[in-house]
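# A structural walkthrough
Here are the chains, one letter per residue:
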Amino acid sequence: MGKKLYITLGSPPVNAVLMAAKAFNIHLDLHELDFSKQENYSEWYLKINPTSTVPALDDEGFIVWDSHSILVYLQEKYGKDTDLYPKDLKEKLKILQFLNFDCGMLFRRMGDCLRPIFYDDQKNFDPKTLERAKSSYIILERILKQDKFVAGAYLSIADISVFATMIAQNAFMPIDEQEFPCLKKWYSHLKSFDFYGAALEGEVALKNGLRIKLELLIVIVNKKVPNYYWESKSTFFTSQKNMSSKPKLFYAQASPAARSTLLTIAALGLDVELIPVNLAAGEHLTPQFLKINPLHTVPTLQDGDLAVFDSHAINAYLVNKYGKNDSLYPKDAKKRAIVDQRLHFDSGIVFPRVGAVVGALLRGGAKTIEKDKADLITQAYQSLEILLEGHNFIAGDELTIADFSLVATVSSSNAAIVPIASNTYPRISAWLARLQALPYYETNQKGVDQFKGMVLSKLA
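Residues numbered from 1 in each chain as written. Predicted model: local features only at pLDDT ≥ 70, side-chain atom pairs only at ≥ 80, totals over all residues. Heavy atoms only, no water.

## Description of the sheet that holds strand 5 (residues 248-251)
Ordered by their spatial adjacency, 4 strands build an open sheet running 6-5-7-8, and the pairing between neighbours is mixed. The strands lining the two open edges of the sheet, one partner per strand, are strand 6 (273-276) and strand 8 (306-309). Direction aside, the axes of adjacent strands within the sheet are offset by 20° on average. Where strand 5 meets strand 6, 4 bridges bridge the pair, whose relative direction is parallel. Counted as the bridge partner of Phe250 is Ile275 from strand 6. (Pairing = 2+ DSSP bridges. Helix = DSSP H or I, 4+ residues; strand = E, 2+ residues; numbered from the N terminus. Axes fitted to C-alpha atoms, helices over the stretch in contact; angles between N-to-C directions.)

So, in structure tokens, the structure goes:
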């Protein structure tokens, strides 16, 4: 049967997989979908990938979707002669957190710029989305000042994934070498590798599509992105001196991402020092916190000399290092690929859609939940309902960290944004009840209650 990859030209996630396949010297049988005819929503394709996205890999009957999961799967199964995803646990987790960084932030911000152009027939970019996309350059510049590549001193699949997103963003927002010298140097270096050739056709297709949509490829990004990072007068960090050497988790209870890690910690029975972060006071934006986590997000884990950010990476790390067995995050390549793609379903689809509503309420001054944002969450519920068909849990019949990530996000949305009707989503309702029966579920419910109060307080 071979290895079939379902694609559309110009897609950054598709380019990432094509470049990785070239780096691994893997032949893929490419099947292009016609998005203009909504072929990705056809009944036959939704059976392959219920999220309707590309790429999707069919490896002799074993299906993997989400480019980040595909990259890990291809490396684990076929790329063993390369060092793009090393066996060392700490190095591997650095790469995993940057894959999630690309999935949940970089790709989303870039996509927010392009989506209205390609799908809503807008003729101009929204300045606000451009500003957010440019802030990705600022974060990457900060990261690449410290290391040659995004996850450290060596090239990895995280570079390939981020590079694919940056190829697309550079097409409409050229990287200014004077403003972002480290990012520009890294970008030019990645273009020197042979695998870049696998993305050229897609890059040309994207640029041509933009020219057609905009009539001329002109993007104006003259405004400087404001400096959001200020010196805090809080004693938050000074109080952390001389504490115990056990792992430390910086968290906020209302955060779904943080709660997924709290659930993982509880499931593993770990003794972790919990350090609450006051987001309203800007404690996550202080220079001290930015040294630990340049993305200034919670949760963030410190375990000795290792700092891990992104809840999905943290949860995988905790199971890999401290789990008595691998049931929560299987070592088997195929089982792990399924868990990974569900994790990316949360970080790339469900969580950003819930976050868009929360961001509009908390930072955008909205007083109601916009219908188009609620509709996107409903679409995510529909995909989740399909994924749960025939299974007790999200990645099969065993509880995994993918359940923790998704239940934290979905339970928050259910409580405050888009309620889940049991007659419409019987599988999701049964799955939620199954998770709520866990002896440590209360650690999530406390945060759900806080999240609900925070959201409802902003609604008119």
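## Comments concerning the pattern of salt bridges
According to the stated counting rule, one finds 12 salt bridges in the structure shown. Two residues, Lys92 and Glu76, come together in a salt bridge whose shortest N-O distance is 3.5 Å. Of the two residues, Lys92 sits in helix 4 (residues 89-119) while Glu76 sits in helix 3 (residues 67-78), which places them 16 residues apart along the sequence. Relative accessible area serves as the criterion here: at 13%, Lys92 is assigned to the buried category. Close ionic contact of Glu203 with Lys207 constitutes a salt bridge, the shortest N to O distance being 3.4 Å. Of this pair, Glu203 and Lys207 are both found in helix 8 (residues 200-214), 4 residues apart, which corresponds to roughly one turn of the helix. With relative accessibility at 8%, the residue Glu203 sits in the buried group. (Salt bridge = Lys/Arg side-chain N within 4 Å of Asp/Glu carboxyl O. Buried < 20%, exposed > 50% of the residue type's maximum accessible area, 1.4 Å probe, protein only.)

## A few points about the environment of Asn40
For Asn40, the position within the fold is in the loop between strand 2 (29-32) and helix 2 (43-48). For Asn40, a relative accessible area of 4% corresponds to the buried category. With 391 residues separating them along the chain, Asn40 and Trp431 place their C-alpha atoms 27 Å apart. Apart from the residues within four sequence positions on either side, Asn40 is in contact with Leu33, Phe35, Tyr45, Leu46 and Ser52. Polar side-chain contacts of Asn40 include one of 3.0 Å to the backbone oxygen of Ser52. (Contact = heavy atoms within 4.5 Å. Polar contact = N/O pair within 3.5 Å; in protein donor to acceptor, adjacent residues only side chain to side chain.)

## As for the packing of helix 14 (residues 401-416) against helix 15 (residues 426-436)
Orientation of helix 14 relative to helix 15, taken along the N-to-C sense of each, is 110°, at an axis distance of 11 Å. By the angle class used here, helix 14 and helix 15 are roughly perpendicular. The hand of the helix 14/helix 15 crossing is left-handed. Facing Asp403, Phe404, Leu406, Val407, Val410 and Asn414 of helix 14, the residues of helix 15 in contact are Ile428, Trp431, Leu432 and Leu435. When grouped by side-chain class, the residues that make up the contact of helix 14 with helix 15 number 8 nonpolar, 1 polar and 1 charged. (Parallel < 35°, antiparallel > 145°, perpendicular 65-115°, else oblique. Left-handed = near helix turned anticlockwise from the far one by under 90°. Nonpolar A, V, L, I, M, F, W, Y, C, P; charged D, E, K, R; others polar.)

## Thoughts on the UniProt feature "domain: GST N-terminal" (unreviewed entry) in the protein
Annotation from UniProt places "domain: GST N-terminal" (unreviewed entry) at residues 1-82 and 245-326. Annotation note: span residues 245-326, helix share 38%, strand share 20%, distance between end C-alpha atoms 25 Å. (UniProt positions renumbered as here; feature names shortened; annotations may be inferred.)

## Quick word on the side chain of Thr129
Here Thr129 is to be found in helix 5 (residues 127-144). Only 2.8 Å separates the side chain of Thr129 from the backbone oxygen of Asp126, close enough to count as a polar contact. Those residues in contact with Thr129, other than ones at most four positions away along the chain, are Asp112 and Cys113.

## Focus on the nonpolar core
By size, the foremost hydrophobic cluster in this structure holds 141 residues, and its most contacted members are Trp186, Ile428 and Trp431. Excluding its chain neighbours within four sequence positions, the residues that come into contact with Trp431 are Leu384, Leu388, Asn392, Phe393, Ile394, Asp403, Leu406, Val407 and Val410. (Core = buried A, V, L, I, M, F, W, Y, C linked by side-chain atoms within 4.5 Å.)

## Some words on the sheet that holds strand 1 (residues 3-7)
One open sheet accounts for 4 strands, arranged 2-1-3-4; its pairing is mixed. Each end of this open sheet is capped by a strand with a single partner; those strands are strand 2 and strand 4 (62-65). Going across the sheet, the axis of each strand differs from the next one's by a mean of 20°, ignoring polarity. Where strand 1 lies against strand 3 (residues 56-59), 4 bridges are found, and the strand directions are antiparallel. Paired with Lys4 across the two strands is Asp58, which belongs to strand 3.

## With respect to the UniProt feature "domain: GST C-terminal" (unreviewed entry) in the protein
As annotated in UniProt, the feature "domain: GST C-terminal" (unreviewed entry) corresponds to residues 88-216 and 332-455 in the numbering used here. The span residues 332-455 shows a helical share of 71% and a strand share of 0%, and its end C-alpha atoms are spaced 40 Å apart.

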